[in-house]
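Each chain is listed here by its residues.
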Amino acid sequence: MTFSAPTIAPSIPEGIGMIAVLGLLAVGFYALLASRNLIKVVIGLQLLVKGAVLALVLAGTANGQLQVAQSLAVTVIVADTIVAVIGMALAVQVRRRTGSMDVKRLSTLRG
Amino acid sequence: MLMTGLAIATLACGVMAVRARRLLSSAVWLAACSAFLAVLLYRLGAYEVAVIELSVGAGLVTVLFVFAINIAGDESIGLPSVIPRGLTWLLCLAPLAVIALSIALRIPAGIDALVLPSLPSGMPSAISSDAPPAAATFVNVLWQDRALDVVVQVVLIYAGVLGLLGLLAEKEGPLQHSAAREVAARRDRDLLTMETAARREEAET
C-alpha cells in the first residue's frame, strides 16, 4: 500500500502572491531598520526569509520546477534557523554583558 | 479566495509580529505567520516545505525565541530608531510600489522575473524535460541534484549546535573582564577628577 499525497491544484492570484512576498520583505526590512532590540531584529530577519521562501515556491510553481524550488527552500529554511539560533545566542550574551539588548549600546565592538 | 485569505493572514501576522511591544507577543505572532505560510505552501503543492516550515518555523524557532526571551528578559525598547522614520518607510515601501506598478502596467517583472531558468534539454538531470516524471521527485532532486546543499545543511546544523551552546553558556567570557576593567578605570578617573576639584576648592578658600 503506497501513500499518495492529495493533488491540489495550486492556484493563487499572481498579484496576491507577489504582494504577500513583497509585503513580508517590506515588513522584514522595516523591522531590521527600525528596531533597536536585537531579538526584534532576528524576528525581522525571519520575516524576510519567509518572504524569500514563498517567492521561491511561487517561482517554482510558475515555472513547473517545484521540486527544485522546494529543495532550495529547505536549504534556506535550515540556514535561516541556524542564523536565528546564533542571533539569539548573540542577543543573550550581549544582554548579559551590557545589561541591555539595545543595538545602539553595542559600543564595546568599536575598534 | 482561500489562498488570498491565507496570504493576507500571513502578512497581517508578520505586521503584528513587528508592531507588538512585548517580545513574547512578537514570537507568538511570528509563529502564527509561519503556520499560515505553511498552509499556503501546502495549498501551492509544496508539501515537504510546508511540513518543514510548520515544524521548524512555527515550532522549533518559536521555542528558541521563548527560551531566549526567558533568559534575556522581555525588554521592550520604545526608543526611536537609528534611521529616520521617513527614510525607513521609504526603503520599505519602495518594493511594494515597484510591484504595484509592474502589475498595473502589465510589465513582466512580477512573477516572471522570479522563475528559475529552464535547464537545457541535454542536461542529465532528474528535473530536465527528458527525464521520466517518476524521477522528478523532491527526494531525488534533493539527494542527487542538490547533494552539495545537503552537505552545506549538515555544516550549518553543526554551526547551529555550537551557537546553541553559546546560548546556554553561563561562564563569563574575556569580554566581560575587559568591560569590568574599563568600568573600574572610568570610576577611578572620575574619583581622581572629583578629588582634584575638591583640592582646588580648598586651596581657593
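Cut-off values and rules
- Residues numbered from 1 in each chain as written.
- Chains lettered and ligands numbered in written order.
- Predicted model: local features only at pLDDT ≥ 70, side-chain atom pairs only at ≥ 80, totals over all residues.
- Heavy atoms only, no water.
- Patch = residues over 30% accessible without salt bridge, like charges linked within 9 Å, V, L, I, M, F, W, Y side chains within 5 Å.
- Areas by Shrake-Rupley, 256 points an atom, 1.4 Å probe, with all protein chains shown as cover.
- Salt bridge = Lys/Arg side-chain N within 4 Å of Asp/Glu carboxyl O.
- Helix = DSSP H or I, 4+ residues; strand = E, 2+ residues; numbered from the N terminus.
- Buried < 20%, exposed > 50% of the residue type's maximum accessible area, 1.4 Å probe, protein only.
- Axes fitted to C-alpha atoms, helices over the stretch in contact; angles between N-to-C directions.
- Parallel < 35°, antiparallel > 145°, perpendicular 65-115°, else oblique.
- pLDDT = per-residue confidence, 0-100.
- Contact = heavy atoms within 4.5 Å.
- Core = buried A, V, L, I, M, F, W, Y, C linked by side-chain atoms within 4.5 Å.
- Expected span 1.5 Å × (residues − 1).
- Polar contact = N/O pair within 3.5 Å; in protein donor to acceptor, adjacent residues only side chain to side chain.
- Left-handed = near helix turned anticlockwise from the far one by under 90°.
- Nonpolar A, V, L, I, M, F, W, Y, C, P; charged D, E, K, R; others polar.
- Arc of directions from axis to C-beta.

1. A look at a nonpolar patch on the surface
Residues and elements named next belong to chain B. A cluster of nonpolar side chains, namely Ile 157, Tyr 158, Val 161, Leu 162 and Leu 165, defines an oily patch on the protein surface of about 510 Å² accessible area. Within the secondary structure, Tyr 158 is located in helix α6 (residues 147-168). According to the relative accessible area criterion, Tyr 158 is exposed, its value standing at 57%.

2. Considering the packing of helix α3 (residues 66-98) of chain A against helix α3 (residues 47-72) of chain B
The contact between α3(A) and α3(B) brings their axes to 10 Å, and the two run at 0°. Relative to α3(B), the element α3(A) is oriented roughly parallel.

3. Some points on the confidence of the model for chain B
Residues and elements named next belong to chain B. For chain B, per-residue confidence averages 77 on the pLDDT scale, and 73% of positions sit at 70 or higher. Scored below 50 in pLDDT, residues 121-129 makes 15 contacts in the model with residues more than four places away or belonging to other chains. Across the whole predicted complex the pTM is 0.72, and at the interface the ipTM reaches 0.86.

4. Overview of the pattern of salt bridges
By the definition in use, this model includes two salt bridges over all chains. Among the salt bridges present, the one from Lys50(A) reaches Glu53(B), with a minimum N-O distance of 3.0 Å. Of this pair, Lys50(A) sits in helix α2 (residues 38-63) while Glu53(B) sits in helix α3, placing the two residues on different chains. Judged by relative accessible area, which is 3%, Lys50(A) ranks as buried. For Glu195(B), the salt bridge is made with Arg199(B), and the minimal N-O distance between the two is 4.0 Å. With Glu195(B) and Arg199(B) both in helix α7 (residues 174-204), this residue pair falls four residues apart, about one helical turn. Residue Arg199(B) is classed as exposed on the basis of its relative accessible area, which comes to 59%.

5. Some points on the nonpolar core
One finds Ile39(A), Leu54(A), Leu41(B), Val49(B) and Phe65(B) to be the most contacted residues of the largest nonpolar core, which totals 63 residues. When residues of this core are traced back to their parent elements, those giving at least two are α1 (14-34), α2 and α3 of chain A together with α1 (2-19), α2 (23-43), α3 and α5 (138-145) of chain B. Here this core takes 13 residues from α2(A), the largest share from any one element. Among all residues touching Leu41(B), those that are not within four sequence positions of it are Val53(A), Leu54(A), Val57(A), Ala46(B), Val49(B), Ala50(B) and Glu53(B).

6. Some points on α2(B)
All names here are of chain B. Between its first and last C-alpha, α2 extends 30 Å over 21 residues, near the 30 Å set by a 1.5 Å rise per residue. What α2 keeps buried is the set Leu 23, Ser 26, Ala 27, Leu 30, Ala 31, Cys 33, Ser 34, Leu 37, Ala 38, Leu 40 and Leu 41. Backbone geometry just downstream of α2 places Gly 45 in the positive-phi region, at approximately 100°.

7. Examining the side chain of Glu53(B)
For Glu53(B), a relative accessible area of 3% translates into the label buried. Here the side chain of Glu53(B) touches Lys50(A) through a polar contact of 3.0 Å, side chain to side chain. Aside from chain neighbours lying at most four places away, what touches Glu53(B) is Lys50(A), Ile77(A), Ser34(B), Leu37(B), Ala38(B), Leu41(B) and Ala58(B).

8. Looking at the environment of Val49(B)
The residue Val49(B) is located in helix α3 in this model. On the accessibility criterion, Val49(B) (0% relative accessible area) is buried. In this structure the C-alpha to C-alpha distance between Val49(B) and Arg189(B), which are 140 residues apart in sequence, comes to 58 Å. In contact with Val49(B), other than residues within four places in its own chain, are Val53(A), Gln70(A), Ala73(A), Val74(A), Ile77(A) and Leu41(B).

9. A word on the packing of α1(B) against α2(B)
Residues and elements named next belong to chain B. Interaxial distance between α1 and α2 falls to 8 Å at its minimum, and their mutual angle equals 160°. Overall, the two elements α1 and α2 adopt an arrangement that is roughly antiparallel. Along this stretch, α1 crosses α2, giving a crossing that reads as left-handed. Seen from α1, the contacting residues are Leu 2, Met 3, Leu 6, Ala 7, Ala 9, Thr 10, Cys 13, Gly 14, Met 16 and Ala 17; seen from α2, they are Ser 26, Trp 29, Leu 30, Ala 32, Cys 33, Phe 36, Leu 37, Val 39, Leu 40 and Arg 43. Along the lines of polarity and charge, the residues of the contact of α1 with α2 split into 16 nonpolar, three polar and one charged.

10. Describing the environment of Gln70(A)
Note that Gln70(A) resides in helix α3. Given the relative accessible area of 1%, Gln70(A) is considered buried. Counting along the chain gives 49 residues from Gln70(A) to Val21(A), while the straight-line C-alpha distance between them is 16 Å. Setting aside chain neighbours within four positions, we find Gln70(A) in contact with Gly45(B), Ala46(B), Tyr47(B), Glu48(B), Val49(B) and Phe138(B).

11. Details of α5(B)
Residue and element names in this part refer to chain B. Buried residues of α5: Phe 138, Val 141 and Leu 142, and no others. Taken around the axis of α5, the buried residues stretch over an arc of 95°, which confines them to a single face. Facing away from the buried side of α5, by more than 90 degrees, are the exposed residues Val 139, Trp 143 and Gln 144.

12. Let's talk about the confidence of the model for chain A
Residues and elements named next belong to chain A. In this model, chain A carries a mean pLDDT of 81, and residues with pLDDT of at least 70 account for 83%. When mean pLDDT is taken per element in chain A, α2 scores highest with 90 and α1 scores lowest with 85. In this model, residues 1-9 is a region of pLDDT below 50 whose contacts with residues beyond four sequence positions or in other chains number eight contacts.

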